[in-house]
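Residues per chain, in single letters:
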Amino acid sequence: MGGRCPNTPDFPLNCVTTTSNNLIVVTILKAISKPTRKKYTNPSSPARPGEEGLFQIPLDRRVIVFKGRPLRWQDLFFVFIPATAAVFSPLGYGFWRAYYGYSQFGPTAAEAWSRPWFLLAAFSTLLLLLLALIRINIAHKFIVLRENGLHIHLSPLKDHTFTWSQISGISFEIKRVRFLGFTLQSKKNAKIYHNLGQPIQFGNEIQGLTYLVQEIKHRLYPRLWSALENDLHKGSWLFFGEIGLHREGLKIKKVRYPWEKVKHVSVKSGNVVVELTDNHRLNLAIFRIPNIELLFQLIERGINL
């Protein structure tokens, strides 16, 4: 039998396990490992470059506030000024068409020639107002991480408070937009699963998102681990999004696969890849699978029961 992962929910950097008959190989990549926790200074201390305004940490460190992306001068120059120009351009051209039509052909021509441009300017104004409201809302988003739970404020209509017992999982992904081999943009998304309704999703608009996800996992996973491990030993099905786990095998999209038919389970390019002995491959997006580190730890337990 190959090397075993540690029997704790402290997740390994590289964890490769095999059964005695080499049917199953489970690989946990560094991308989903537990990162090294960073130490952040109190707001009363000078912040390091790039950390200003990300979050506030009181002296007792029991409350961490992760703020939304604030309004900056870049927003004025690269968003609002171009958007305002998109409003005034058709408006100004409409006035010119109205003046030219009235001076040459009378009021009927002035009204007919200018109306489409005034309508376009009005529509552009509505879009500008909507853009401003969205951007202001992003600046006012925040997530409060407490010892006893989370407070998530994403809009005046989306304000949620959860205890850790009400939170059942978290998923996280990083999408990279590439062009000619160069990364143009990295988009991060996180999703909180809870017992009170639909999952709550947020992304790059929350500053310090990667650190927030690390801290949530650090507090949540030890609370979930014991119950999941006991249920697995009792022979219960455990579900992680589209993947069901049992000590007899896996269930993926309602289809059961005994361990004898599973050759390899790994993470590649943002997907959980399940390779079967018949060379068939199943790909499942990481973002749709909560608590993926716990899943891989429990897969090892399942194949060794």
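Everything quoted here is computed from the prediction, not taken from an experiment. (Residues numbered from 1 in each chain as written. Predicted model: local features only at pLDDT ≥ 70, side-chain atom pairs only at ≥ 80, totals over all residues. Heavy atoms only, no water.)

1. A short note on the overall build of the protein chain
- Per the secondary structure count, the protein chain includes 4 helices and 17 strands.
- When contacts within the protein chain are restricted to residue pairs at least 6 apart in sequence, those whose partners lie at least 24 apart make up 51%.
- Total accessible area computed for the protein chain in this model is approximately 17,500 Å², and 59% of it derives from carbon and sulfur atoms. (Helix = DSSP H or I, 4+ residues; strand = E, 2+ residues; numbered from the N terminus. Contact = heavy atoms within 4.5 Å. Areas by Shrake-Rupley, 256 points an atom, 1.4 Å probe, with all protein chains shown as cover.)

2. Remarks on the pairing of strand β14 (residues 255–258)
- Across 4 bridges, strand β13 (residues 249–252) lies against β14 in antiparallel orientation. For I252, the partnering residue across the bridge sits in β14 and is V255.
- What sits between β13 and β14 in their antiparallel hairpin is a turn of 2 residues, with K253 showing a positive phi close to 50 degrees. (Pairing = 2+ DSSP bridges.)

3. Structural notes on the sheet that holds strand β10 (residues 200–203)
- Taken in spatial order, the 3 strands line up as β8-β9-β10 in an open sheet, and their pairing is antiparallel. Strands at the two margins of the open sheet, each flanked by one partner only, are β8 (167–179) and β10. Across the sheet, the mean angle from the axis of one strand to that of its neighbour is 20 degrees, orientation sign disregarded.
- Here helix α3 (residues 209–234) sits on the sheet in contact with β8, β9 (182–194) and β10, set at roughly 150 degrees to β8. (Axes fitted to C-alpha atoms, helices over the stretch in contact; angles between N-to-C directions.)

4. Considerations on the environment of E275
- Position of E275 among the secondary structure elements: in strand β16 (residues 271–276).
- Using a relative accessible area of 14% as the deciding quantity, one classes E275 as buried.
- With 14 residues separating them in the primary sequence, E275 and K261 have C-alpha atoms 8.9 Å apart.
- Setting aside chain neighbours within four positions, we find E275 in contact with V262, K263, H264, K268, H280 and R281.
- Within the structure, the side chain of E275 is placed 3.4 Å from the side chain of R281, a separation counted as a polar contact. (Buried < 20%, exposed > 50% of the residue type's maximum accessible area, 1.4 Å probe, protein only. Polar contact = N/O pair within 3.5 Å; in protein donor to acceptor, adjacent residues only side chain to side chain.)

5. Here's the deal with helix α1 (residues 73–105)
- For α1, built from 33 residues, the straight-helix expectation of 48 Å at 1.5 Å per residue is met to within 8% by its first-to-last C-alpha distance of 46 Å.
- Bending of α1 peaks at approximately 30 degrees at the position of F80, with proline P82 no more than four residues after it.
- Three or more residues of α1 are buried, namely D75, F80, A83, V87, P90, G94, A98 and G101.
- The secondary structure elements touched by the buried residues of α1 are α2 (107–139).
- Downstream of α1 by one or two residues, G106 has phi in the positive range, about 105 degrees. (Expected span 1.5 Å × (residues − 1). Bend = angle between axes of the 7 residues up to and from the residue.)

6. Description of the nonpolar core
- Within the largest apolar cluster, 52 residues are counted, with the highest numbers of intra-cluster contacts made by L150, I152, F202, L245, V272 and V274.
- For this core, the element with the highest residue contribution is α3, accounting for 11 residues.
- Apart from the residues lying within four places of it in its own chain, the contact partners of V274 are L250, I252, V262, H264, V265, H280, R281 and L282.
- If you look at the next biggest cluster of nonpolar residues, it comprises 5 residues, including F80, A83, V87 and A132. (Core = buried A, V, L, I, M, F, W, Y, C linked by side-chain atoms within 4.5 Å.)

7. Some remarks on the environment of R178
- The topology assignment puts R178 in strand β8.
- When its relative accessible area of 53% is taken as the criterion, R178 is described as exposed.
- Ignoring anything within four residues of it in the chain, the contact list for R178 reads T183 and L184.

8. Concerning the pattern of salt bridges
- Throughout the structure, instances matching the rule amount to 10 salt bridges.
- The salt bridge involving E111 is made with R115; its shortest N-O contact spans 2.7 Å. Taken together, the residues span about one helical turn, with E111 and R115 both in helix α2 at a distance of 4 residues.
- Residue classification places R115 among the partly exposed residues on the basis of a relative accessible area of 42%.
- Between E242 and R288 there is a salt bridge, with its nearest N and O atoms 2.8 Å apart. (Salt bridge = Lys/Arg side-chain N within 4 Å of Asp/Glu carboxyl O.)

9. Things to note about the confidence of the model for the protein chain
- Scored by pLDDT, the protein chain has a mean of 79; 79% of the residues are at 70 or more.
- Scored below 50 in pLDDT, residues 1–61 shows 126 contacts in the model against residues more than four places distant or in partner chains. (pLDDT = per-residue confidence, 0-100.)

10. Structural notes on the sheet that holds β14
- Reading across from one edge, β11-β12-β13-β14 is the order of the 4 strands in this open sheet, with antiparallel pairing throughout. Looking at strand neighbours, the two that pair on one side only are β11 (238–240) and β14, the edges of this open sheet. Across the sheet, the mean angle separating the axes of adjacent strands is 25 degrees when strand polarity is ignored.
- When β11 meets strand β12 (residues 243–246), the two strands line up antiparallel, connected through 3 bridges. Bridge pairing in β12 links F239 to G244.
- Where α3 meets the sheet, its contacts fall on β11 and β12, and the angle it forms with β11 comes to roughly 130 degrees.

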